[in-house]
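These are the residues of each chain, in order.
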Amino acid sequence: MDEQFLDLLAQKYDTEEKIITEIINLEAISNLPKGTEHFVSDLHGEFQAFQHVLRNGSGTVKEKIKELFREVWTDQEINDFAALVYYPEEKIQLVVGELCNKQALNQWYRQTIEQMLKLISYASSKYTRSKLRKALPEQYVYIVEELLYKTDSTNNKDPYYEEIYRQIISLGQADKLIIGLAYTTQRLVVDHLHVVGDIYDRGQDPDKIMDTLINYHSVDIQWGNHDVLWIGAYAGSLVCLANIIRICARYDNLDIIEDVYGINLRPLLNLAEKYYEDNSPFRPKLQAGHNVSEQEILQITKIHQAIAMIQFKLEIPIIKRRPYFNMSERLLLEQIDYDKNEIKICGKTYLLENTCFATVNPEKPEQLLEEERQVMEKLLFSVQHSEKLARHMNFLMKKGSLYLKYNGNLLIHGCIPLDEEGNMEEMQIEDKTYAGRQLLDVFEEYLRYAYAHPEETEDLATDMVWYIWTGECSSLFGKREMTTFERYFIQDKEAHKERKNPYYHLRENEEICRKILLEFDLNPDHGHVINGHTPVKESRGENPVKANGKMIVIDGGFSKAYQSTTGIAGYTLLYNSFGMQLVAHQKFNSKEDVLCNGTDVLSVKRLVDKELARKLVRETNVGEKLLQKISNLKDLLEYRYMK
Ligand SMILES: O=P(O)(O)OC[C@H]1O[C@](O)(COP(=O)(O)O)[C@@H](O)[C@@H]1O
Ligand SMILES: [Mn+2]
């Protein structure tokens, strides 16, 4: 072992006792049961539903309450207590409103604090005291620990404990303490959260999801194609930028751009007013309960067309300067017969309807009008100077990656591109060919480069971010083409089809999944591929667990727009020391419903994989690091004290 390294280590562990204490501590921790991992995906801006799943730990909170109080509580009492743990501020308000006298309220405080402590003690039984301490409400650590660890069998200290309770209540601290303890419980039931992609687009509040994740105790993100689109916009890709605005317009979410991220849409609106009229395929999909005036709808419809046309123009030069993107079939504006209003795609001619080509020069369809160019320039400037967007994108970069190997599993939003034979699909980039893991690593390198160089807007790295959104070999898109243009302008549904990568039928096959795990140096006997991206159509009999349990698809189905296809509100996954459980969620109505009616429809759990022996920390990624640290400390001990 490097002596310099050991000398550095010795600065922190400067006595024999300190080294030995730490070794004992780490050895003990690594023999505890592994913490619970929670997997969610495809949140698509649905903050309310996401936060519910997060706060109830995909049903874990209620499960613990039941295990503890089932014998003594009614279902109603269990539901009420669960609601208090999920939404403590609001639930306390309701209780205070209901209990009309002070004595009854104080009694409720007294018993609730005690019950919360019982729950915390139970939920933290597999953690060290130090870990629990870190999860406790900071200002109350001392008194909470006193109450948690009372070991006085002689009852000598009963009056002392009673006094603590009395003081908390009489000093007006009960609300704050209960709220803090509720959050402690939420935190204890899930040790680590994985977000398997697609935080952004379609729903109204991706920013609130980002803020929640930023404040979450332990999280990683596998980027989804929609997240990459936002990263691309911030990194200087004009075509990604046009896309995010187009999608926001389509889903009546321009507030996110304007109000949340502070990006001025005025120049775009002026352009839109000048060149566009009402046009049915561009009317926004209205969010339930969102009141929008006819005039606003018209404005959005115009903006939607303006930005869609800019997007189609911007795609052309990229496709031309990157022949290996293999997208020449997507030079759509060049394939239009502007006199006949027809387009030829893959040899087939289609009639175009609802066209809005006022800004297109048929001779040079890629050419932006000067006004369009200026609008995009201004938009990019605002995007790159939005402080809030910078904070959110930085977090996505810091915690995110294209794929993740974690505790033996492979987490990936979209797919591993395959050919029909099940080989890793090859892609040529400049003069090199890549496939499988190498291809994904190269994609990520380009993406990180583009992010680090926001001033470069037409280099390969920036173009590559757009490719990851929509290219045929992208591991996040997983389809041959994105038929956005066709869905706006062609009636024939045949033209709307997006052919999926063979991965999506081959992933039913166990051998293929084993091969993928091997490609990533994972043990195929123990590992799983954990996938998001494609809604599982349970109502049509599709099973989210595939390939003899090697493949688990957990598209969260949070996106309201897609719930009619899936039949349920999607899946999440839990992986604790006993094994993996898939949780199927019922549609989430509202927080108010949970609070007032206790309608927290119990999620149905399905065992995916059962550990033969309870899995310990030492067998996890975190454990690996602990064992390494133990080994370093043992070296230090020998070097300093046993020579
Ligand atoms: O339903 P919308 O908003 O038109 O979006 C459809 C587009 O979204 C995609 O499905 C990609 O989004 P997802 O990652 O959520 O599937 C494209 O394949 C498709 O063209
Ligand atoms: Mn996706």
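As the structure is a computational prediction, the values presented were derived from the model and not from experiment. (Residues numbered from 1 in each chain as written. Chains lettered and ligands numbered in written order. Predicted model: local features only at pLDDT ≥ 70, side-chain atom pairs only at ≥ 80, totals over all residues. Heavy atoms only, no water.)

Draft legend 1. Structural view of the overall build of the protein chain. Of regular secondary structure, the protein chain possesses 27 helices and 17 strands. In terms of overall size, the protein chain behaves like a compact globule, its C-alpha atoms giving a radius of gyration of 28 Å where 643 residues would be expected to give roughly 26 Å. Summarising its shape, the C-alpha atoms of the protein chain cover approximately 95 × 70 × 45 Å along the three principal directions. Put simply, the protein chain has 643 residues, and 56% of those count as buried. Taking contacts inside the protein chain between residues at least 6 apart in sequence as the whole, the part at least 24 apart equals 73%. Put simply, the protein chain shows about 28,800 Å² of open surface, and 47% of that area lies on carbon and sulfur atoms. (Helix = DSSP H or I, 4+ residues; strand = E, 2+ residues; numbered from the N terminus. Rg over C-alpha atoms; globule rule 2.2 N^0.38 Å. Buried < 20%, exposed > 50% of the residue type's maximum accessible area, 1.4 Å probe, protein only. Contact = heavy atoms within 4.5 Å. Areas by Shrake-Rupley, 256 points an atom, 1.4 Å probe, with all protein chains shown as cover.)

Draft legend 2. Expanded view of the sheet that holds strand β5 (residues 342-345). On the basis of which strands lie adjacent, the open sheet formed by 3 strands has the order β4-β5-β6 and antiparallel pairing. Each edge of the sheet is formed by a strand with only one pairing partner; in this case those strands are β4 (336-337) and β6 (348-351). Pairing geometry for β5 and β6, over 4 bridges, is antiparallel. By the bridge assignment for β6, Lys344 is matched with Thr349. (Pairing = 2+ DSSP bridges.)

Draft legend 3. Region of the structure containing the environment of Tyr86. In this fold, Tyr86 is placed in helix α5 (residues 75-86). Residues Tyr86 and Asn56 lie 30 residues apart in sequence; the distance between their C-alpha atoms is 6.1 Å. Not counting residues up to four positions away in its chain, the partners in contact with Tyr86 are His52, Arg55, Asn56, Val61, Lys62, Gln186, Val594 and Asp600.

Draft legend 4. View of helix α3 (residues 47-55). The buried count for α3 comes to 8 of 9 residues, which makes it a mostly enclosed element. Of the residues one or two after α3, Gly57 is the one with positive phi, at around 55°.

Draft legend 5. Structural detail: a negative patch on the surface. Taken together, the side chains of Asp255, Glu258, Asp259 and Glu296 define an acidic patch exposed on the protein surface. No other element matches helix α15 (residues 254-260), which puts 3 residues into the negative patch. Within the secondary structure, Asp255 sits in helix α15. (Patch = residues over 30% accessible without salt bridge, like charges linked within 9 Å, V, L, I, M, F, W, Y side chains within 5 Å. Salt bridge = Lys/Arg side-chain N within 4 Å of Asp/Glu carboxyl O. Lys, Arg positive; Asp, Glu negative; His and termini not counted. Charge placed at Lys NZ, Arg CZ, Asp CG, Glu CD.)

Draft legend 6. Region of interest: the site of ligand 1. Among the 14 residues in the neighbourhood of ligand 1, the closest are listed as Arg202, Arg250, Tyr251, Arg487 and Glu498. One of the side-chain nitrogen or oxygen atoms of Tyr251 is found 2.5 Å away from an oxygen atom of ligand 1. Within the contact set of ligand 1, an oxygen atom lies 2.5 Å away from a side-chain nitrogen or oxygen of Glu498. Coverage of ligand 1 by the protein chains reaches 87% of its 470 Å² of free accessible surface. Split by residue class, the shell around ligand 1 holds 4 nonpolar, 4 polar and 6 charged. (Near = heavy atom within 4 Å. Polar contact = N/O pair within 3.5 Å; in protein donor to acceptor, adjacent residues only side chain to side chain. Nonpolar A, V, L, I, M, F, W, Y, C, P; charged D, E, K, R; others polar.)

Draft legend 7. Region of interest: the domain arrangement of the protein chain. Segmentation of the protein chain into domains returns domain 1 (3-31 + 622-641), domain 2 (58-191) and domain 3 (225-489). The straight-line distance from the C-alpha centre of domain 1 to that of domain 2 is 37 Å. (Domains from an automatic or database assignment.)

Draft legend 8. Representation of the coordination of the manganese ion (ligand 2) within the structure. Each protein donor to the manganese ion (ligand 2) is listed here as Asp198 (OD), Asn225 (OD1), His413 (NE2) and His533 (ND1); together their distances run 2.2 to 2.3 Å. All donors of the manganese ion (ligand 2) come from a single chain, and their spacing in sequence reads D-x26-N-x187-H-x119-H. Within this pair, whereas Asp198 is found in the loop between β2 (192-195) and α12 (206-214), its partner His413 is found in the loop between β9 (409-412) and β10 (426-429), the two being separated by 215 residues in sequence. Of the two residues, Asp198 and His413, both sit in the buried class. (Donors = N, O, S within 2.8 Å, 3.2 Å for Na, K, Ca; no water.)

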